[in-house]
Amino acid sequence: MSKRFTIHDIAERAGVSRGTVSRVLNNHPAVKETTRRKVLDVMEQVNYRPSFSARHMRTDNSNLVGFGLISHDVITSPHAVDMIRGAQEALWNIGKVMLVINSASNSDMTQTAFEAMLERRVEGIVYGSVFHQPIDLPFDSVDTPIVLANCYARNREYPSVVPDEFAGGYNATKVLLEKDHKRIGFINLGISRSGSLPPQDATKGRLAGHKHALKEFGVPFEEELVRYTDFETQTNFNLTKELMQLGNPPTAIFCGTDRIAMGCYGALQSMGLNIPNDVAVVGFDNQQDIGIGLLPNLTTIQLPHYEMGRWAVEYLMENKDNAVEPVQHKLDCPVVRRDSV
């Protein structure tokens, strides 16, 4: 096993006191540049890494940023991974480390996760959700700055970044309208077990964007062309067949997720219909394994999970010491053009 070097070893090799090594570690201005360089050279030669706990006690600065994730899915879902990656890369660029805790949808676990982060004196917390939704944080207020990603506080008390669902619905429909499609089916997000439509931001926002694009192109909105899925693969297959069995079927289908598009592809192909020559299809999410795995490759809308993670960290670090009005920021959901339109 290689030797673990201490401050005493560094001081001895550099010919300085342990106090001088400590001041170099803390970037103290009283250290002469020649001495600082000598100590740093020795540290580099022996690959010395200072103790995190000791440095934390000296500087009262953890260099940690907490990332809490609430989800009804596992933390390894593509959306969660992209959001964490965006946050981590932003932190890495400024020499900070991220502590990640997945609290699922369990409120007690969420409370415990926040307490664990605060006990480690993180400089800030990014609290993210796999699904775009309003949330209730498990406390009234804390001194540690917090930014919300893909979610928002009901009272808008904290800064947040979310996807612009309206723009996403608008962009998806516009792609089809620009190809002269006038009858566009829309398989929208979720109905509950009771059959009622939940107050989901993505559901409402994408439908509003869809309607706006139709109106802009002078195409009337028709309720019979809209369906709501319970996210089951067989349901997506069946809803597509329902749309295509209408007296005047759509020539294009906007699917509320890429997974919905998988069921849609299966139904259209089972009916002997060609994509995009007979029916064009647009998805939503840009899950790479689906978008490129489907043949023809799926034109879809990018959900900006990576960008939300990165924006949340950058905003947090820029404003953590300032009392600013909590901004509610929206990121665009652009078109990813492939071969299904």
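Let us look at the structure shown here. (Residues numbered from 1 in each chain as written. Predicted model: local features only at pLDDT ≥ 70, side-chain atom pairs only at ≥ 80, totals over all residues. Heavy atoms only, no water.)

Some words on the pairing of strand β4 (residues 146-153)
Convention followed: Throughout this description, buried means an accessible area under 20% of the type-specific maximum (1.4 Å probe, protein chains only), exposed means over 50%, and partly exposed covers the range between. A run of DSSP states H or I qualifies as a helix once it reaches four residues; a run of E qualifies as a strand once it reaches two. Both are numbered from the N-terminal end. Only when DSSP finds a minimum of two bridges between them are two strands counted as paired.
Across the eight residues that make up β4, a large majority, eight, are buried. Where strand β3 (residues 125-135) meets β4, seven bridges bridge the pair, whose relative direction is parallel. Bridged to G128 within β4 is A149. Where β4 lies against strand β5 (residues 160-163), two bridges are found, and the strand directions are parallel. Within β5, the position partnered with A149 by the bridge is V161.

Notes on the sheet that holds strand β8 (residues 252-255)
For clarity, the threshold we go by: Note on definitions: angles span 0 to 180 degrees between N-to-C directions of axes, and those axes are lines fitted to C-alpha atoms, for helices only across the stretch in contact. Contact definition: two residues touch when any of their heavy atoms are within 4.5 Å.
Overall, parallel pairing links the four strands, which are arranged β7-β6-β8-β9 in an open sheet. This sheet does not close on itself; its edge strands, each paired only once, are β7 (226-228) and β9 (280-282). For this sheet, the mean inter-axis angle between neighbouring strands, taken without regard to orientation, is 15°. Each of β6 (184-188), β8 and β9 touches helix α7 (residues 165-177); the most contacted strand, β8, lies at about 165° to it. Of the strands in this sheet, β6, β7 and β8 are in contact with helix α8 (residues 201-216), which crosses β6 at around 170°.

Section: α8
As a reminder of what qualifies: Multiplying 1.5 Å by the residue count of a helix minus one yields the expected span of that helix.
Taking 1.5 Å per residue, 16 residues should reach 22 Å; α8 reaches 22 Å between its end C-alpha atoms and fits that length. All of the buried residues along α8 are D201, A202, T203, G205, R206, L207, G209, H210, A213 and L214. The inward-facing, buried residues of α8 contact β3, β4, α7, β6, β7 and β8. Directly beyond the C-terminal end of α8, a positive phi value near 70° is found at G218.

Here's the deal with helix α1 (residues 7-14)
Residues of α1 that are buried include every one of D9, I10, A11 and A14, and no others. Its buried side turned inward, α1 meets α2 (18-25) and α3 (33-46). Just beyond α1, the residue with positive phi is G15, at close to 70°.

Some points on the environment of W311
Locating W311 in the fold gives a position in helix α12 (residues 305-319). Given the relative accessible area of 18%, W311 is considered buried. In this structure the C-alpha to C-alpha distance between W311 and L331, which are 20 residues apart in sequence, comes to 9.4 Å.

Some details on the side chain of R206
Along the polypeptide, R206 turns up in helix α8. Apart from residues no more than four positions distant in its own chain, R206 is found in contact with E165, G169, F186, L189, G256, F284 and L303.

Describing the pattern of salt bridges
Selection rule: By salt bridge we mean one thing: a side-chain nitrogen of Lys or Arg within 4 Å of a carboxyl oxygen of Asp or Glu.
Taken as a whole, this structure holds 12 salt bridges when the rule is applied. Close ionic contact of R206 with E165 constitutes a salt bridge, the shortest N to O distance being 2.8 Å. With a gap of 41 residues between them, R206 in helix α8 and E165 in helix α7 connect regions that are remote in the sequence. Taking relative accessible area as the criterion, E165 reaches 4% and is therefore assigned buried. We note a salt bridge from E224 to R183, for which the minimum N-O separation is 3.2 Å. Of the two residues, E224 is situated in the loop between α8 and β7 and R183 in the loop between α7 and β6; the sequence distance between them amounts to 41 residues. One network of salt bridges, in which partners are shared, links D82, R85 and E89.

Some details on the packing of aromatic side chains
Given two aromatic rings, their pairing is described by the distance between the two centres and the angle made by the two planes. Selection criterion: Under the pairing criterion, centres of Phe, Tyr and Trp rings, with the six-membered ring standing for Trp, must be within 6.5 Å; the plane angle then separates stacked pairs below 30 degrees from edge-to-face pairs above 60, leaving the rest tilted. Placement of a positive charge over a ring is assigned whenever Lys NZ or Arg CZ falls within 6 Å of the ring centre and within 35 degrees of the normal to the ring plane.
Inspection of every chain in the model, using the stated rule, returns three aromatic pairs. Ring centres of F186 and F254 lie 4.3 Å apart, and the angle between their planes is 0°; this geometry places the pair in the stacked category. A residue pair is termed long-range when its members are at least 10 positions apart, and F186 in strand β6 and F254 in strand β8 qualify at 68 residues. Looking at F186, the relative accessible area reads 0%, which means it is buried. You can call F254 buried: its relative accessible area is 0%. Between W311 and Y315, the ring centres sit 4.9 Å apart and the planes meet at 10°, which makes this aromatic pair stacked. One end of the pair, W311, and the other, Y315, are both in helix α12, four residues apart, so they sit about a helical turn from each other. The lysine or arginine in question, R156, covers the ring of Y152, its NZ or CZ lying 4.1 Å from the ring centre.

Regarding the nonpolar core
Our working rule: To form a nonpolar core, buried Ala, Val, Leu, Ile, Met, Phe, Trp, Tyr and Cys residues must be joined to one another through side-chain atoms within 4.5 Å.
Counting 21 residues, the largest nonpolar core has I253, C255, L268 and V281 as its most contacted members. Listed by contribution, the elements that provide at least two residues to this core are α9 (233-244), β8 and α10 (258-270). The greatest single-element share of this core, amounting to five residues, is contributed by α10. Setting aside residues no more than four positions away along its own chain, I253 makes contact with L176, G185, I187, T240, L243, M244, C264, V279, A280, V281 and V282.

All quantities given are derived from atomic positions and should not be read as evidence of function.
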